[in-house]
Every structure is written in structure tokens, then in C-alpha cells.
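# Report on the structure
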Amino acid sequence: MTETVLGPVWEARADLIVVGTGVAGLTAALRARELGLRVLVVTKASGDDGNTRYAQGGVAVVLPQEHDPGDTVQAHIADTLVAGAGLCDEAAVAAIISDGPEAVQRLRSLGAMFDAKGDGTLERTREGGHSAFRVVHAGGDATGAEVERALLKATVDGRVPLLENHVAVDAIRTPLGAVCGLLVLDGNGVPGVLGAPAVLLATGGLGQMYQATSNPAVATGDGLALALRAGAVAADVEFVQFHPTVLYTGRGARGRCPLVTEAVRGEGAILVDATGARVMQGVHPLEDLAPRDVVAAAITRHMALEPGGVDDHVFLDATSLHDMATRFPTVYAACVAAGVNPAVDPIPVAPAAHFACGGVVSTVDGRTGVTGLYAAGEVARTGLHGANRLASNSLLEGLVCGTRAAEAIVTDLAVGLLAEPRNGVDPVLPVAPVADRDLLQRVMSRYAAIGRDAEGLAVVGSVLDVSTVDRVLDTRELVEDAALTMAARALIAAAAERTESRGCHVRTDFPERSDAWRRSQVVRLTPTGQPVLADPVLTEGVA
Ligand code: SIN
């Protein structure tokens, strides 16, 4: 990877730069500000453009005095471990889930309004893989929108500066490799330098690596690429979760497709095919409420076997639910806009890319292996999700780890662990391999989605080989395309090596789970910028 030297740039300083305005980023920014840090939040889009606002189901949490009879934090931990298919970090799972009730309480004290019953206790629903009704929600199925609203309002009210329409290009580092700032580009490609001893990546996921996704346009894996370039490592990148029920709007759907929350199944809807036959019957003891990887894979298998041409979607029959319009207003509106009346019509649905279970290797306190670089939320791999995330554990992770990361940064600053921004090496615009986005999405969807094999993964590699060109990353689009290219390369390297099926990673040529593979794979960059698998020492270098 070569570099381009910059002309004059503008500069700004803070104690902490947070990249991203989703739940993890804003939670961290608010907590850091509360603890006395000068915080700057930067986003490549506008404040409310992130993935958080599209989250529907809710926040999985076992609240004291407000839970199903017999439900416990321990049971939530156990469900998370089962969903994670043997690859969760048990200590991380216990830490994050145990912090859940306090995190939800903190969010409510910032003004988030969850749906409540007449007696003031919170309503709870159930989703795939949960053994109890423990998912609290807002606006029926608009939980993410309410969380985002409350956090953004608190950010604005608290006068935390928000720099919109600036894409993070690269970390600025000292000669010893500590991160001490960020190189950004504005919408016109004008570079700027944000100096800070701590940079927290909260950039979300990479659903745009596929043709159809529940994720918005901003989900292009930027934080993963930036972290790898800064010397951090990633893990579990082969586990991209496909949501089983994204609204099917016709062949060749592209970009963000409306989600049909699992909570619809939690409240009685069932998956059927064009003949009305149940999709999940006999597949798993929890049937339609099996963990998400099981349901998505079962739908994919069912579609492949189905005769008669209806081979790219199934149906979610929610006609037994009498309150769709009020209980699930977002889903209802999306259905009506697509010409479907869920009261009488089964809803056409298909799996679509939804969540990156892996990411930048980070502790539950957000620390990566690189001094000054932190990660929280979907971009981070804390070990909570393993090979498959449990439904509604993502907002929870953002809330808990955002708070913990802010507190860790305050500690690291206080003990003098972090670098002085003035010691940063002069930034340069990186040059990186960039593939055509449309082509990348097509080959990833065809060969690296649910159901992969060695041959198909090799095809992806070859297509990327011939279609990738080195480009100076001097626009947001190029930064995004380079990130998608790097993420796809990392994914196919890890997916090709993992010769088993586990969680979201389904290999048609290795359909069984193998005990020998009960380990995470670590990805790092070579000095020339290629993602490669590193020795299987997961926490190497992580503070
Ligand atoms: C859903 O509501 O089905 C999605 C929630 C999640 O991804 O956890």
C-alpha cells in the first residue's frame, strides 16, 4: 500500500474522538462528556443516518422485578451462549449481560421512552433463541428510532460537538504506533486532522457488502478497515448474520430492505411456503423461534428445494395477530407500502445480510490491541456474539460497551497511557485496493452468503483479483469501497479456511460442525495491506 502526501489541512483537538452516531458511539460520547472529557463526535453522514434507528425488536434485558417467572440474567447468558454456537467468550457474555439492567436504566434517565403497561412496568416480547419474554421495546417496533432520538437529543442538549458529513479515512499514529487522531475528508474531499489521544470506532457493520441488507447505506465496514490499517486485528469476520425475515419486494432487491422484526414471530406469526406448508416445523425444537442462523439457513434450504418457481422468498403468516398496525407500526407501514395487507396476506420475506458478528478484536471496555484505538458496538468483536448473535443483544451491547469504553478511556488518560496528539506522524491519504461495489456485492451474495463452498469462495477471490484497482482514498465513496473490498477479502479468507458449518457460517461442502474448529480466527493486514489469517492467538496484544 502506498500513500499520497497531503497539502495544507485544517486541525481540531479533543480528548476523545468518537466515530459514528449509533447507540454505542453516542452512549460513549455522553458518558465521556459526563466524566469531564472534551469529546468530538464525527460521522460521514448526518447524525441520525446510522443503523441504530432501524433496529426494531428491542433491547434484551432481564430487569429486576420485571421478568417472566423463573427468568434470570443467567438464563439470558445461557441463551446467548447457545445462539453463539460455541464461539462466545463466556466472560464477555457475562459482563455485558449483567450490566444490561443498569444500561437500560441509564438510557431511560436520558429520556428514552419504552413501551409500558398500565401499571408502569415495561412490556416485554420474545424473539428467536430467547427462552423467555425479555425484550423491551419502544414505539411497538421502533426501538432503535427511539434510542437514537433520545441519545441524539441528549448529545445536542449536552452540547457535545457533532461533525457531520466527514468520513474517517485513517488513524493518525505516533512513530511507535499509538493512535492519536484521525484524518477525515469533508463532502468536497477537503482533508482535516482531528487530534486526540483516544479514538473510539463506533461505525457499525458492513451489510452493504451484499446486494440486499437490512442495513442503511452507511454500513460499509469503514471502521474495520481503518482499525486493520492502524494495526489492530479482527476476528470472527466469517460470521455475517442474515436476518431471516426481510420484506421481499421482488427479484433483484438492492440496498436496504425493510426488516420484519422477529418479534412478529415472537407474538405468533409463522413461516410458510407458497403452498402454506410450515417452514420451521421439525427443523428445531423452538420452530419459528429458533436462533436466527437456524431459521435463515432453513429458509434458504427450503427455497432451494421448492418446486414451482417461488424460489427466492417464503411467507410470514401474521394473519393471526389482531393488532399488527398498532403493535408493529413500522412493519405494517412497510407492508402496506409494498401492497401487502398483513391482516389478510402472508408477508413475503427472504433472508438478507443483517449483522457482523465479528469485527475489531476489543475487550468489553472497548480496548483494542492498539494504544489509543477503541471500538464498541457492531464494529467490535467482544466475544458476545460468537458465531451467531442472539436477537436484540446488539442495542444492549452498544449501551453497555459504549459506557464501559468511555470509562476505560478516562482511566487510560488518567494513568498516562495514551499518546500526545502533537507526536502524530504527518498524515497522508492512503492508497488501497478498491473493487467495483456492484460486482463485489453480486459475487459476495452469490458465493459468500448463506451456503458457501471452497469453489465459490475461490471465485470471489478471483473476481476481486481481476477487478481491484489501487486508488487514492480521497472521497467518501472510495473510502467506503476500499473498506468493503478489505472486509470481503478478510471474510473470504476466514470462510475458506473454516472447513465446517457453525452459526452464520454455512459451508455446503462441510455441512457439519467440527469440535476442532471451536476457535476464532484472527485477521490482520500484511505490510502491503492484504488481510491474512494470523496465528490463532485471539487476544494477542489486546490490553
Ligand atoms: C429484529 O427485530 O428482528 C432485529 C433485532 C435484532 O437484530 O436484534
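Residues numbered from 1 in each chain as written. Predicted model: local features only at pLDDT ≥ 70, side-chain atom pairs only at ≥ 80, totals over all residues. Heavy atoms only, no water.

Glancing now at the overall build of the protein. Scanning the protein from terminus to terminus reveals 14 helices and 26 strands. The C-alpha radius of gyration of the protein comes to 22 Å, within 12% of the 24 Å expected for a compact globule of 543 residues. With respect to the three principal axes, the spread of C-alpha positions in the protein is 65 × 55 × 45 Å. Excluding contacts between residues fewer than 6 apart, the proportion of contacts in the protein whose partners are at least 24 apart in sequence is 73%. Per element, the accessible surface of the protein, about 19,700 Å² overall, is 53% carbon and sulfur. Charged side chains in the protein number 44 positive and 64 negative. The centres of these two groups are separated by 2 Å. (Helix = DSSP H or I, 4+ residues; strand = E, 2+ residues; numbered from the N terminus. Rg over C-alpha atoms; globule rule 2.2 N^0.38 Å. Contact = heavy atoms within 4.5 Å. Areas by Shrake-Rupley, 256 points an atom, 1.4 Å probe, with all protein chains shown as cover. Lys, Arg positive; Asp, Glu negative; His and termini not counted. Charge placed at Lys NZ, Arg CZ, Asp CG, Glu CD.)

Before going further, it helps to examine the sheet that holds strand E7 (residues 135–136). The 3 strands lie next to each other as E5-E7-E6, forming an open sheet whose pairing is antiparallel. At either end of the open sheet lies a strand with only one pairing partner, and these are strand E5 (59–60) and strand E6 (124–125). Here 2 bridges tie E5 to E7, and the two strands are oriented antiparallel to one another. Bridging from a neighbouring strand, Ala-60 pairs with Val-135 of E7. (Pairing = 2+ DSSP bridges.)

Let us now look at the nonpolar core. The biggest cluster of nonpolar side chains holds 61 residues, and the ones touching the most others in it are Leu-182, Leu-201, Met-209, Tyr-210, Leu-373, Met-444 and Leu-491. Sequence-distant contacts of Leu-491, that is, excluding residues within four places in its chain, are made with Met-209, Tyr-210, Val-237, Glu-238, Val-240, Met-444, Ala-448 and Arg-452. (Core = buried A, V, L, I, M, F, W, Y, C linked by side-chain atoms within 4.5 Å. Buried < 20%, exposed > 50% of the residue type's maximum accessible area, 1.4 Å probe, protein only.)

Attention shifts here to the packing of aromatic side chains. Applying the stated criterion across every chain yields a total of 1 aromatic pair. Ring geometry for Tyr-210 against Phe-242: centres 5.1 Å apart, planes inclined by 80 degrees, an arrangement best described as edge-to-face. Here Tyr-210, found in the loop between strand E12 (198–201) and strand E13 (212–213), pairs with Phe-242, found in strand E15 (residues 240–247); they are 32 residues apart in sequence, far enough to count as distant. With respect to class, Tyr-210 is no different from Phe-242; both count as buried. We note Arg-519 situated over the ring of Trp-517; from NZ or CZ to the ring centre the distance is 4.4 Å. (Phe/Tyr/Trp six-rings, centres within 6.5 Å; stacked < 30°, edge-to-face > 60°. Lys NZ or Arg CZ within 6 Å of the ring centre and 35° of its normal.)

Below, the discussion takes up the site of the ligand. Every residue lining the ligand is accounted for by Gln-56, Gly-57, Glu-127, His-243, Leu-259, Thr-261, Glu-262, Arg-292, His-354, Arg-389, Ala-391 and Ser-392. Gly-57 is positioned such that a nitrogen or oxygen atom in its backbone is 2.8 Å from an oxygen atom of the ligand. Contact between the ligand and Arg-389: an oxygen atom at 2.7 Å from a side-chain N or O atom of the residue. Contact with the protein chains removes 96% of the 260 Å² of surface that the ligand exposes when unbound. (Near = heavy atom within 4 Å. Polar contact = N/O pair within 3.5 Å; in protein donor to acceptor, adjacent residues only side chain to side chain.)

As a further point, take the state of the cysteines. All chains considered together, the criterion is met by 0 disulfides. The thiol sulfur of Cys-401 is not disulfide-bonded, and the nearest other cysteine sulfur, from Cys-88, lies at 13 Å. For Cys-401, a relative accessible area of 1% gives the class buried. Distance from the sulfur of Cys-504, which forms no disulfide, to the nearest cysteine sulfur (Cys-357) is 4.0 Å. (Disulfide = S-S within 2.5 Å.)

With that settled, consider helix H8 (residues 292–305). Compared with an ideal rise of 1.5 Å per residue, which puts 14 residues at 20 Å, H8 spans 20 Å between its outermost C-alpha atoms and is within 8% of the ideal. All of the buried residues in H8 are Arg-292, Asp-293, Val-295, Ala-296, Ala-297, Ala-298, Ile-299, His-302 and Met-303. (Expected span 1.5 Å × (residues − 1).)

With that settled, consider the pattern of salt bridges. Tallied over the entire structure, the rule returns 35 salt bridges. Between Lys-153 and Asp-157 there is a salt bridge, with the nearest N and O atoms lying 2.7 Å from each other. On the criterion of helical spacing, the pair formed by Lys-153 and Asp-157 is a turn pair, its members being 4 residues apart in helix H5 (residues 143–157). Residue Arg-327 pairs with Glu-267 through a salt bridge whose shortest N-O separation is 2.9 Å. Of this pair, Arg-327 sits in helix H9 (residues 324–327) while Glu-267 sits in the loop between helix H7 (263–266) and strand E17 (270–272), placing them 60 residues apart in sequence. (Salt bridge = Lys/Arg side-chain N within 4 Å of Asp/Glu carboxyl O.)

In this section: the confidence of the model for the protein. With 96% of its residues at a pLDDT of 70 or more, the protein has an overall mean of 94. Considering only residues more than four positions removed or in separate chains, one finds that residues 539–543, a stretch of pLDDT under 50, has 10 contacts. (pLDDT = per-residue confidence, 0-100.)

Right, let's talk about unusual backbone geometry for a bit. Look at Glu-287: it is not a glycine, yet its phi comes out positive at around 45 degrees. Tracing the chain through its elements places Glu-287 in the loop between E17 and H8.

This brings us to the pairing of strand E18 (residues 314–317). Bridge count between E17 and E18: 3 bridges; the pairing is antiparallel. Paired with Leu-271 across the two strands is Leu-316, which belongs to E18. Pairing of E18 with strand E19 (residues 347–356), which is carried by 3 bridges, proceeds in the antiparallel orientation. In the strand pairing of E19, Phe-315 is matched with Pro-348.

A relative accessible area of 1% places Tyr-210 in the buried class. Sequence-wise, Tyr-210 and Thr-220 are 10 residues apart; in three dimensions their C-alpha atoms are separated by 9.9 Å. Setting aside chain neighbours within four positions, we find Tyr-210 in contact with Val-240, Phe-242, Ala-353, Gln-441, Met-444, Ser-445, Ala-448, Ala-449, Arg-452 and Leu-491.

Right, let's talk about the side chain of Asp-68 for a bit. Within the secondary structure, Asp-68 sits in the loop between E5 and helix H2 (73–83). A distance of 2.8 Å separates a polar atom in the side chain of Asp-68 from the backbone nitrogen of Phe-133. In this view, Asp-68 contacts Arg-124, Ala-132 and Phe-133; residues no more than four positions away in its chain are not counted.

Look at helix H12 (residues 437–447) against helix H14 (residues 476–497): their axes get within 10 Å of each other, and the N-to-C directions meet at 25 degrees. Here H12 lies roughly parallel to H14, going by the angle between them. Note on packing geometry: the crossing formed by H12 with H14 is left-handed. Touching Arg-437, Leu-440 and Met-444 of H12 are Glu-477, Glu-480, Asp-481, Leu-484, Thr-485, Ala-488, Leu-491 and Ile-492, all from H14. Split by residue class, the contact of H12 with H14 holds 6 nonpolar, 1 polar and 4 charged. (Axes fitted to C-alpha atoms, helices over the stretch in contact; angles between N-to-C directions. Parallel < 35°, antiparallel > 145°, perpendicular 65-115°, else oblique. Left-handed = near helix turned anticlockwise from the far one by under 90°. Nonpolar A, V, L, I, M, F, W, Y, C, P; charged D, E, K, R; others polar.)

A few words on the pairing of strand E23 (residues 428–434). Among the 7 residues of E23, 5 are classified as buried, and the element is accordingly described as predominantly covered. Strand direction decides the pairing type here: E23 and strand E24 (residues 469–472), joined by 4 bridges, are antiparallel. Within E24, the residue paired with Pro-433 across the bridge is Asp-470.

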